[in-house]
Amino acid sequence: MALTLLSASKHFAGTLSKYSHVSTTTHCTMVFNVFLPKTAVEDKVKVPVLYCLGGLTSTEDNFAQKAGAAQHAANYEIALVFPDTSPRNVDFNAGADESIGYSAGFYLNATQAPWDKNWKMYDYVSKELPQVISENLPIDISRSSITGHSMGGHGALSIFLKNQHAYKSVSAFAPILHLSKSNWGKYALPQYLGNDESTWKQYDVLELLQKHVAENSFRKDVKVLIDQGTGDQFLTNNLHTDALVKLTKEMGLESQFDIRYHDGYDHGYFFISTFTKDHIDHHGKILRGL
Ligand SMILES: N[C@@H](CCC(=O)N[C@@H](CS)C(=O)NCC(=O)O)C(=O)O
């Protein structure tokens, strides 16, 4: 699967590049950004990768341009991959609404028309994109980790929970933790997945965690880092962080979840960039075996 290079800029001694490719999963041209550290660019040494998933109204650019992750990734010599958040340029009016369609892929596989042909962001991020970068770039996908913001935090945690052995570590900034009960989910999920709410559980972080604990299949060697601002306007109706705190207590998982509330921070990238280094340290140490 060939990549087309759209742009490349030197960045913290490495390169931030934008590529496009025709996706067999989403049936459209997908774009992503990738930061490659110096050793990968100059010596073609294969490096570990951290996927960084964006939130609603974002493209592949928001996390790449606003979180300030590359400077820290350069220190660990790890790659960062910033996927787009949805398919683009489909033949129906998918951009009419901020909470569904363009920039609102929710990292799921839609089953309902008109979304079911293209809106396969779960398969795209967890299956096709790793294959594409592994075949075309100096990236070792056997050393992968995943993080994300808001809808992307939901993506990181749900994709991790569904593929726990594909990722070395996971973290999230202000993630949507109970998608089926969030206002965003209650609006988008019936349209993407239909009205049978039992189908929503497969993409709901709290539901997935409960399922894996009940089946004794939640990895015991993983520590999940979550940062959340107390001034976040979406905390109550969309993120449900307190519900995860309660659940981890009930299930005796407190030692595996580092859920940090930060006084006064809102939902945006000024909050994220304040704590980016902690997340890159979290992943970098594990990916580099430090
Ligand atoms: N307008 C949307 C939320 C938009 C929003 O805050 N998007 C966040 C993620 S949920 C974001 O990352 N926006 C892009 C940016 O800040 O660069 C709503 O009120 O439902």
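Bear in mind that the values here come from a model prediction, so they are computed numbers and not experimental data.

Caption draft 1: Spotlight on the confidence of the model for the chain. Per-residue confidence for the chain gives a mean pLDDT of 98, with 100% of residues at or over 70. If you check the scores for this complex, the pTM reads 0.98 and the ipTM reads 0.94.

Caption draft 2: Expanded view of the nonpolar core. Judged by nonpolar contacts, the single largest core of 91 residues is most densely connected at Phe-32, Leu-80, Phe-106 and Tyr-192. For this core, the element with the most residues is helix α4 (residues 121–136), which contributes seven residues. Apart from residues no more than four positions distant in its own chain, Phe-106 is found in contact with Leu-56, Ser-99, Met-151, His-154, Ile-176, Leu-179, Trp-184, Ala-188 and Tyr-192.

Caption draft 3: Here's a closer look at the environment of Ser-273. Tracing the sequence through the fold places Ser-273 in helix α10 (residues 269–287). The sequence separation of Ser-273 and Lys-66 amounts to 207 residues, and the corresponding C-alpha distance is 7.1 Å. Those residues within four positions of Ser-273 in sequence are excluded, and the remaining contacts are Lys-66 and Ala-67. One polar contact links the side chain of Ser-273 to the main-chain carbonyl oxygen of Phe-270, over a distance of 3.4 Å.

Caption draft 4: Geometry of the site of the ligand. Taken together, 13 residues surround the ligand, and among them Leu-56, Asn-62, Lys-66, Glu-98 and Trp-184 come closest. Note that a nitrogen atom of the ligand is positioned 2.9 Å from one of the backbone N or O atoms of Leu-56. At 2.8 Å from an oxygen atom of the ligand is found a side-chain nitrogen or oxygen belonging to Trp-184. In isolation the ligand exposes 510 Å². Once the protein is present, 75% of that is buried.

Caption draft 5: Quick look at the environment of Phe-218. Tracing the backbone through its elements, the reader meets Phe-218 in the loop between α7 (205–214) and β8 (224–229). Residue Phe-218 is classed as buried on the basis of its relative accessible area of 5%. For the pair Phe-218 and Leu-161, spaced 57 residues apart in sequence, the C-alpha separation works out to 7.7 Å. With residues near it in sequence (within four places) discarded, Phe-218 still touches Phe-160, Leu-161, Gln-164, Leu-209, His-212, Val-213, Leu-253, Gln-256 and Phe-257.

Procedures and definitions
Residues numbered from 1 in each chain as written. Predicted model: local features only at pLDDT ≥ 70, side-chain atom pairs only at ≥ 80, totals over all residues. Heavy atoms only, no water. pLDDT = per-residue confidence, 0-100. Core = buried A, V, L, I, M, F, W, Y, C linked by side-chain atoms within 4.5 Å. Buried < 20%, exposed > 50% of the residue type's maximum accessible area, 1.4 Å probe, protein only. Helix = DSSP H or I, 4+ residues; strand = E, 2+ residues; numbered from the N terminus. Contact = heavy atoms within 4.5 Å. Polar contact = N/O pair within 3.5 Å; in protein donor to acceptor, adjacent residues only side chain to side chain. Near = heavy atom within 4 Å. Areas by Shrake-Rupley, 256 points an atom, 1.4 Å probe, with all protein chains shown as cover.

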